[in-house]
Amino acid sequence: MQDQVRHFFMFFFYRGVNGLNIPLESSIIPVSFLRKVLGLNLVSQIFKTMTKQLNVSVLIFFILTYLTFLKQNTFAQTQIIPTVSNVVQTYDGSAKFITVETSPANIPHTVTYSKNGNVVSNPIDAGVYSVTIVSNDPNYVFNFPNQIFLTIGQALANVTISNTNYVYDGMSKALSVTSVPSIPISITYQLGSVPVVNPTDAGDYSAILASSNPNYALNTTSANLIIAKASVIANFSNLTNIYDGLAKSVTVQFSRSDNGTTVTLNPTLTYLSGFTPTTPVNVGTYGINISLPSTGVNKNYQIATKIPASPELVINPREVEILVSNNNYVYDGLSKYPTLQTNPSGVALNVTYTLNGTPYTFPTDAGLYQINVSILNTNYIVGQLSSSTLTINKANVIAEVTNINQIYNGQSKAVSVTFKREDNNQTVSLFPTINYKLSSVGPNVSPINAGNYLVYITLPSNGTNNNYNILSTNPVDPTLIINPATPVVTMTSANSGVVNGTITLTANTGGSNGTL
């Protein structure tokens, strides 16, 4: 309060010096003070003091100055945003109100509710109400960024539905519906997309339930009313046939499920290959779809049981005997094929070959091939197969071993091997493994020193080797012979070579020098 008095008197004396029409400068009266309103008690105290101590002209000037001060300083209201809660509630028959909290607390205010443009004093019914909240304190104004709404949701009525299943008897049918709490409920029916007032014919009717009380919603709004068709049993016969190039069909007889009476109906039979409707002529298993078109006597009956339960029309293929010949060969680098004859003749075959699980289009290499036969015409099936293998034997070769006599020179020696087919004496380029041993039970050795070495020749299983087999060797048991080298003795100086009666000679063995 002392600050307010000080600021006003600063303003007062400023105006006394400068006259009534000079604007108030911010350097004289702080902006913070201009946002506050001087109380009447303060003015009254100043007035009493001045009437006692000042003359009338000064008093008049003071009053005019104060009025000017008030005129020039309109103080803004404080804007706040109250906190609003309980804006979503559920109908229970009592009035619902939102909760408004202000800061500072307990600012007086008025809350107004309206629905569809009409003011509502006590919001009770379900719906969305617009809410207006106004401050009753002149020092505060409420500033809400968005419109406030009070939503009173519908209460939930629990529905019980019964009498949903009937059997066709020519009388109209309806659902039985009750609710807690008990409220009026409307029911509409439709069959497919067609509205039905009185469901009578057999069918599955969809029912739409709606609350007739706007304050309640139903926990269930849909149901089904089923009027079942009278049940019949479909007995199928003549289900298995043999391919003969003609269309096949089954026979169906109907009887009532309840009393066994034979019923004459007009079914629609559809034969399926996979999922595609077709005329059953060729070999195969055909699914059968049976239906009773909803016309005439059919429409109020249904097929309850099929015997068999999943009927199929089976057209079996004719078996074909296959005679296999020319299925044994010797490898010669050309593809080999067996000869296959069919009974009945002229049936096209699809033949494939596998060797150790690997498919081959052109069986060429030596091996035992599995013959896989299928019939291109699906109206036939492979019956007896006289043989299921194609054999391509390895070609026999003779290993001609040469260069088996050599002389020691300190280097490793090797024989030369040439392979020739046993059947036509043609030379074959192969890649053998050659091992040398000093005895049949000894380890492999490198033939360097003078001696007799047994020669062992094998064909590793790789590349072209796989197609050949060493039948024999020539000679039969080849041996590499490394003969000792013959030394050459040269006497260079007999006299100088005599020491204590011994003559020293220098020998050239071809690989090293020795002393004799």
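Residues numbered from 1 in each chain as written. Predicted model: local features only at pLDDT ≥ 70, side-chain atom pairs only at ≥ 80, totals over all residues. Heavy atoms only, no water.

**Observations concerning the overall build of the protein chain**
Next, step 1: A tally of regular secondary structure across the protein chain gives four helices and 47 strands.
Next, step 2: Put simply, the protein chain has 516 residues, and 29% of those count as buried.
Next, step 3: Expressed as a percentage of contacts within the protein chain between residues at least 6 apart in sequence, the contacts between residues at least 24 apart total 58%.
Next, step 4: With an accessible surface of roughly 30,700 Å², the protein chain has 51% of that area assigned to carbon and sulfur atoms. (Helix = DSSP H or I, 4+ residues; strand = E, 2+ residues; numbered from the N terminus. Buried < 20%, exposed > 50% of the residue type's maximum accessible area, 1.4 Å probe, protein only. Contact = heavy atoms within 4.5 Å. Areas by Shrake-Rupley, 256 points an atom, 1.4 Å probe, with all protein chains shown as cover.)

**Overview of the environment of Lys299**
Next, step 1: With respect to the helices and strands, the residue Lys299 is situated in the loop between strand 24 (284-291) and strand 25 (301-307).
Next, step 2: Looking at Lys299, the relative accessible area reads 34%, which means it is partly exposed.
Next, step 3: Note: C-alpha distance between Lys299 and Asp201 (98 residues apart in sequence) is 8.2 Å.

**Remarks on the sheet that holds strand 24**
Next, step 1: With respect to topology, five strands assemble into an open sheet ordered 19-26-24-22-23, the strand pairing being mixed. Among the strands making up the open sheet, the edge pair consists of strand 19 (240-242) and strand 23 (276-277).
Next, step 2: In this structure, strand 22 (residues 268-273) lies alongside strand 23, joined through two bridges in antiparallel fashion. Looking at the pairing, Ser273 lines up with Thr276 of strand 23. (Pairing = 2+ DSSP bridges.)

**With respect to the side chain of Asn298**
Next, step 1: Structurally, Asn298 can be placed in the loop between strand 24 and strand 25.
Next, step 2: The class of Asn298 is buried, set by a relative accessible area of 2%.
Next, step 3: At a separation of 3.0 Å, a polar atom in the side chain of Asn298 contacts the main-chain carbonyl oxygen of Asn266.
Next, step 4: Excluding residues that lie within four positions of it along the chain, Asn298 makes contacts with Leu265, Asn266, Leu292 and Pro293. (Polar contact = N/O pair within 3.5 Å; in protein donor to acceptor, adjacent residues only side chain to side chain.)

**Details of the pattern of salt bridges**
Next, step 1: In this structure the tally under the stated criterion is five salt bridges.
Next, step 2: A salt bridge links Arg421 to Asp423; its shortest N-O distance comes to 2.7 Å.
Next, step 3: Relative accessible area serves as the criterion here: at 8%, Arg421 is assigned to the buried category. (Salt bridge = Lys/Arg side-chain N within 4 Å of Asp/Glu carboxyl O.)

**Quick word on the packing of aromatic side chains**
By convention here, two paired aromatic rings are described through the distance between centres and the angle between planes.
Next, step 1: As enumerated under the stated definition, the model contains six aromatic pairs in all.
Next, step 2: Consider the rings of Tyr91 and Tyr216, whose centres lie 5.6 Å apart with planes at 80°: the pair is edge-to-face. Of the two residues, Tyr91 is situated in the loop between strand 3 (88-90) and strand 4 (99-101) and Tyr216 in strand 16 (residues 216-218); the sequence distance between them amounts to 125 residues.
Next, step 3: In this structure Tyr91 comes out as buried when scored by relative accessible area, which is 16%. (Phe/Tyr/Trp six-rings, centres within 6.5 Å; stacked < 30°, edge-to-face > 60°.)

**Observations concerning the environment of Asn241**
Next, step 1: In this structure, Asn241 sits in strand 19.
Next, step 2: On the basis of relative accessibility, which here comes to 14%, the residue Asn241 falls in the buried class.
Next, step 3: Sequence spacing of Asn241 and Asn316 is 75 residues, and the spatial spacing of their C-alpha atoms is 6.3 Å.

**Structural notes on the pairing of strand 27 (residues 318-325)**
Next, step 1: As paired strands, strand 27 and strand 33 (residues 380-385) are joined by four bridges and run parallel to one another. Following the sheet pairing, Arg318 is matched in strand 33 by Tyr380.
Next, step 2: With five bridges joining them, strand 27 and strand 29 (residues 339-343) adopt antiparallel strand pairing. Within the sheet, the bridge partner assigned to Ile322 lies in strand 29 and is Thr342.

**Some remarks on unusual backbone geometry**
Next, step 1: Each neighbour pair has its own omega, and for Ser103 with Pro104 the value is 10°, a cis peptide bond.
Next, step 2: Mapping Pro104 onto the fold places it in the loop between strand 4 and strand 5 (109-115).
Next, step 3: If you check the backbone angles, Asn163 has positive phi at about 55° while not being a glycine.
Next, step 4: With respect to the helices and strands, Asn163 occurs in the loop between strand 10 (155-162) and strand 11 (165-167).

Function-wise, these values are silent; they only describe arrangement.
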